[in-house]
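Per-entry structural report
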Amino acid sequence: MKKLALLAALVATPLAAQDADPAADVSEARLRADIDTLVAFGTRHTLSEQDNPKRGIGAAVDWGLAEFRRIGAACGDCLEVVAPETVVEGRRIPQPTRLRNAVAIQRGTERPNEVVIVQGHIDSRGSDPLDWKVDAPGANDDGSGTVLVLEAARQLSQRSYPVTIVYALLSGEEQGLYGGRLMADYAAEQGWDVKAVLNNDIVGGSCGSDGYCDDEHVRVFSEGPRADLTEELRAAQRREGGENDTPSRNLSRWLDGLADKAVGGLDVRQIWRTDRMGRGGDQIPFLEKGYPAVRITVAVEDYEHQHQDPRTEDGTVYGDTPDEMDFPYLAKVTQFNIRALDKLASTPKPPVVTANAAVRTDTLIEWQGVEGASYYLVGKRRTDEPAWREDQVAIMTFETPVGEGTPMEERKLSHVEPVRGDDWIFGVAACSSGGACSPFASAVPAGQFAPIAAAEGETE
């Protein structure tokens, strides 16, 4: 076996080799103007008008598609604009209803089938989830996520990436995550290798109903046990661990680490549950399909200004209106997303990793190489530690007779860590030649950044 230890300077490359900040030109004024446009549609309720050019969900989705086309024209038609569509009926949708998403696809130059998705939901609602006639401004919920996605497209479409970025505005979230399900189905139909979904829902406010304010943090929600686990894998995790090492949780850890490197940005507060208590978001349909996905949202919510008809009652003002938002905070969350997408679209996919420590005093860590990787980081943490340790090993190892000219994805790689594995969790991140490293994939049952059904050769 041949081993090549990379120089310590290579580990330091990510910060030293960074290009100009891709989020430097985010505009508060543009975010505010887009919010005002969305609010001017009166309501964006899923059951509202589809063919009125000035009011309702139809006008809002048409505007989103037109904005994507305008952004694409500015980058030489670098965006493919599509509108996945279906007819839905069910919970909170009492009759067959047209449902459309507005989506722009920025194809990767090297691995176009490898995809990262940033999304927010464009629909809104008032106090009664079935009242499609009342004004429902939906400024923060989720106009904020919608305008964030548009601003991300404006900034990142001026660059090119090896990996595809998908910008998605989803309908039907307030009625039951219909647009998220449509988008997750669309991703599966395209055969996309989805390595990360950033779902932004309520990202434009910094003060809560009780007057408590926090404009220094953003919350990232991530699932514990995977939604797509089989019974066999559940049993394996009970024996070997892995309930705190889903790909979504490792994506959350990665986002936290990324935020720590940004000067003047927001700090991530990791919330280790799928969503807020008793509630949900459009990341859930992706999790159910086995795609890594997180929810990004404000540090503190204001319940009088979401899901409320605009009114004043007993001296309290209700309604999800722009004047209740914090646009400097929204700009910082937007920058956080753009920086994350910039890195995720530059990194290789996390490898599939295994660890063998049974009845031995060291641990053998093995993984298959991934396309686009120049080297790997092997990380570890004790089983009761929340974060990967700083003392990561940068290595490239490969089995003979594989040589230097063999494509990375055809190499079998390994590393022996001189510790007893019972007490540790191990992971491997894949890094590009420019020093951009993926999230860690944990060496646990179901730790891979891919649907379990696909990994096991099943069909959905």
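Structure report, in brief. For clarity, every value in this text was computed on a predicted model and none was experimentally measured.

For the rest of this paragraph, the subject is a negative patch on the surface. There is a patch of like negative charges on the surface, built from Asp215, Glu216, Asp260 and Asp267. Checked against the element boundaries, aspartate 260 lands in helix H8 (residues 247-260). Residue class for aspartate 260 comes out exposed when judged on its relative accessible area of 53%.

Quick look at the pattern of salt bridges now. Within the structure shown, the criterion is met by 34 salt bridges. Between arginine 295 and aspartate 275 there is a salt bridge, with its nearest N and O atoms 3.2 Å apart. Pair noted here: arginine 295 is in strand E11 (residues 293-298) and aspartate 275 is in the loop between strand E10 (267-271) and helix H9 (284-288), with a separation of 20 residues, a long-range link. Judged by relative accessible area, which is 0%, arginine 295 ranks as buried. Residue class for aspartate 275 comes out buried when judged on its relative accessible area of 5%.

Turning our eyes to something else, we now look at the nonpolar core. With 63 residues, the main nonpolar core has Phe68, Tyr167, Leu198, Leu255 and Ile296 as its most contacted residues. Top element by residues in this core is helix H10 (residues 327-344). It accounts for ten residues. If near-sequence neighbours (up to four positions away) are discounted, isoleucine 296 is found in contact with Leu198, Asn199, Asn200, Asp201, Val203, Val218, Arg219, Val220, Val333, Phe336 and Asn337. Formed by 19 residues, the second largest nonpolar core is a distinct cluster that contains Val115, Ala168, Ala187 and Val194.

On to the sheet that holds strand E9 (residues 217-221), then. As summarised here, the arrangement of the eight strands in space is E2-E5-E7-E6-E8-E11-E9-E10, forming an open sheet in which the pairing is mixed. In the strand order of this sheet, the two ends are held by strand E2 (79-82) and E10, each with one partner. Going from strand to strand, the sheet's axes swing by 20 degrees on average, the running direction of each strand aside. For strand E5 (residues 102-106) and strand E7 (residues 163-170), the ladder comprises five bridges, and the chain directions are antiparallel. Note on E7: the bridge partner recorded for valine 103 is alanine 168. Contacts between H10 and the sheet are confined to strand E6 (111-121), strand E8 (193-200), E9, E10 and E11, with E8 contributing the most and set at about 175 degrees to the helix.

In this structure, arginine 100 sits in strand E4 (residues 93-100). Judged by its relative accessible area of 9%, arginine 100 falls in the buried class. For the pair arginine 100 and aspartate 342, spaced 242 residues apart in sequence, the C-alpha to C-alpha distance is 27 Å. If near-sequence neighbours (up to four positions away) are discounted, arginine 100 is found in contact with Gly58, Val61, Asp62, Leu65, Pro84, Glu85 and Ser171. Within polar-contact distance, the side chain of arginine 100 engages the backbone oxygen of glycine 58 at 3.3 Å.

Following aspartate 141, the chain continues to aspartate 142 via a peptide bond in cis, the omega torsion being -5 degrees. Summarising the element assignment, aspartate 142 is placed in helix H5 (residues 139-156). Of note, the phi angle at arginine 92 is positive, near 65 degrees, even though the residue is not glycine. Residue placement: arginine 92 occurs in the loop between strand E3 (85-90) and E4. According to the relative accessible area criterion, arginine 92 is partly exposed, its value standing at 28%. The phi angle at leucine 177 is positive, at roughly 65 degrees, despite the residue not being glycine. Within the element layout of this structure, leucine 177 appears in the loop between E7 and helix H6 (178-190).

A separate point is the sheet that holds strand E14 (residues 353-356). Spatial strand order, E14-E15-E18: three strands in an open sheet with antiparallel pairing. Among the strands making up the open sheet, the edge pair consists of E14 and strand E18 (412-417). Going from strand to strand, the sheet's axes swing by 20 degrees on average, the running direction of each strand aside. Alignment of strand E15 (residues 363-368) against E18, held across six bridges, turns out to be antiparallel.

A few words now on the state of the cysteines. Following the criterion strictly, the structure yields three disulfides and no others. Across the disulfide from cysteine 75 sits cysteine 78; the S-S distance is 1.9 Å. Between cysteine 75 and cysteine 78 the disulfide shows an S-S torsion of about -85 degrees. By sign, it is left-handed. Classification of cysteine 75 as buried rests on a relative accessible area of 18%. Here cysteine 431 pairs with cysteine 437 through a disulfide, and the sulfurs are 2.1 Å apart. Across the S-S bond linking cysteine 431 and cysteine 437, the dihedral sits near 110 degrees, which makes this disulfide right-handed. According to the relative accessible area criterion, cysteine 431 is buried, its value standing at 0%. Under the relative-accessibility criterion, cysteine 437 is labelled buried at 14%. Looking at the protein chain, its bonded cysteines, counted consecutively from the start of the sequence, adopt the pairing 1-2, 3-4, 5-6.

What counts, and where the lines are drawn
Residues numbered from 1 in each chain as written. Predicted model: local features only at pLDDT ≥ 70, side-chain atom pairs only at ≥ 80, totals over all residues. Heavy atoms only, no water. Patch = residues over 30% accessible without salt bridge, like charges linked within 9 Å, V, L, I, M, F, W, Y side chains within 5 Å. Areas by Shrake-Rupley, 256 points an atom, 1.4 Å probe, with all protein chains shown as cover. Salt bridge = Lys/Arg side-chain N within 4 Å of Asp/Glu carboxyl O. Lys, Arg positive; Asp, Glu negative; His and termini not counted. Charge placed at Lys NZ, Arg CZ, Asp CG, Glu CD. Helix = DSSP H or I, 4+ residues; strand = E, 2+ residues; numbered from the N terminus. Buried < 20%, exposed > 50% of the residue type's maximum accessible area, 1.4 Å probe, protein only. Core = buried A, V, L, I, M, F, W, Y, C linked by side-chain atoms within 4.5 Å. Contact = heavy atoms within 4.5 Å. Pairing = 2+ DSSP bridges. Axes fitted to C-alpha atoms, helices over the stretch in contact; angles between N-to-C directions. Polar contact = N/O pair within 3.5 Å; in protein donor to acceptor, adjacent residues only side chain to side chain. Disulfide = S-S within 2.5 Å.

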